[in-house]
Amino acid sequence: MGEQVPSPVQVRLDELHARVQLNCEGEVATYIPALGKADPALFGLALATHDGHVYESGDTGVGFTIQSVSKPFVYALALYDRGLNGVLERVGVEPTGEGFDALRLEPETGRPLNPMVNAGAIVTASLVNGDDWGQRFQRILDGLSAFAGRELRVDHEVLASEERTGDHNRALGYLLRNAGVLEGDVDKALAVYFRQCSVVVTARDLAVMGATLAGGGVNPVTGQRVVGADTTEHVLAVMATCGTYDFAGEWLLRAGLPAKSGVAGGLVAVLPSQLGIGVFSPPLDRRGTSVRAIAACQELSARFGLHLM
Ligand code: DON
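Residues numbered from 1 in each chain as written. Predicted model: local features only at pLDDT ≥ 70, side-chain atom pairs only at ≥ 80, totals over all residues.

Asker: Break down the confidence of the model for the protein chain for me, with residues and values.
Answerer: The share of residues in the protein chain with pLDDT of 70 or more is 99%, and the mean pLDDT across the chain is 96. The ipTM, which scores confidence in the relative placement of chains, is 0.99 for this predicted complex, and the corresponding pTM is 0.97. (pLDDT = per-residue confidence, 0-100.)

Here you go:
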């Protein structure tokens, strides 16, 4: 029996992967010490289409913590549970022009500026349905798993590392409670946020999660509806304007796709109605986005004509 001929998309994805692999710029994050152990050579690139086909190249099955890439998906769950206005009362939708950990709230309302920065994500996690913090985290873990189409778990080593070094986020938590937008026990709210960031995914998972946003909330691999189509529209809008923090303008200019980055080196990008892109490569630029993920998405966008504008 002859070998199966790879599809043209697969061939082009493998070529692009080989080219981008040669880029060795950037530094692995170390402010969460356990992340510093990551191998800088790792690079996985996956595309999941609206009809559930997944193309993969490189290290797409290697697990890493989702970190900030969780934020748009948890925002989707909060929007689904509370409605747009229920979430807007507590979390704004304006870009900050600052880094992911900016200590800044809207002066008049006390709201964090958007759900993609840490302050906004801490409040967003507290808005997900649940009678207590344990139920809220379970809803988040089940929701992220439904977006990925498989049961996800927490990396307890990274979680412990972030809990030991997470005082900046705790400080944000106290500011948020003082401003009246975060309710209840700050430590418990932060425990949910830290656990959310420590969920393990692969580049393949991120592609399927992105494709679920692209498909109006239905996972194209499992067929499960995770959130509503109006919810994904809102999430994608905020990803486009705020998903890469103080790089969001240049990102949209060059890649032309809503996206979200994370400090473990993950990135999800979405072409609405068409596909999700999942990338993993640990070395980051100075704003906390994976260098190879930026390069891969810009090239994919240019070569496959994905730029939305
Ligand atoms: O809260 C933090 O600092 C991390 N758990 C997540 C930050 C992050 O991923 C920023 N993204 N580029």
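Asker: A description of helix α1 (residues 8–21) should follow, citing residues and the corresponding values.
Answerer: Between its first and last C-alpha atoms α1 spans 20 Å; for 14 residues at 1.5 Å apiece the expected length is 20 Å, and the two agree. Of the residues making up α1, those classed as buried are L13, H17 and V20. Here the buried residues of α1 occupy an arc of 70° about the axis, which is enough to place them on one side. Away from the buried face of α1 by more than 90 degrees, exposed residues P8, V11, A18 and R19 are located. Buried residues along α1 sit against β1 (44–49), β2 (54–58) and α12 (291–304). (Helix = DSSP H or I, 4+ residues; strand = E, 2+ residues; numbered from the N terminus. Expected span 1.5 Å × (residues − 1). Buried ≥ 20, exposed ≤ 12 C-beta atoms within 10 Å, placed from the backbone. Arc of directions from axis to C-beta. Contact = placed C-beta atoms within 7 Å.)

Asker: An account of the pairing of strand β7 (residues 275–280) is needed here, citing residue identities and associated values.
Answerer: Note on strand geometry: in a regular strand, side chains alternate between the two faces of the sheet. Among the 6 residues in β7, 6 count as buried, and that is most of the element. With burial as the criterion, each face of β7 is covered, one bearing L275, I277 and V279 and the other bearing G276, G278 and F280. Judged from the 6 bridges that link them, β1 and β7 form a sheet pairing that is antiparallel. Paired with A48 across the strands is G276, a residue of β7. The pairing of strand β6 (residues 266–271) with β7 spans 6 bridges and is antiparallel. Bridge pairing in β7 places V270 opposite G276. (Pairing = 2+ DSSP bridges.)

Asker: Which residues make up the site of the ligand, and what are the values?
Answerer: Near the ligand, the surroundings consist of Q67, S68, F100, D101, N118, E162, N169, C197, S261, G262, V263 and G288. Residues belonging to the shell around the ligand are distributed by class as follows: 3 nonpolar, 7 polar and 2 charged. (Near = placed C-beta within 6 Å. Nonpolar A, V, L, I, M, F, W, Y, C, P; charged D, E, K, R; others polar.)

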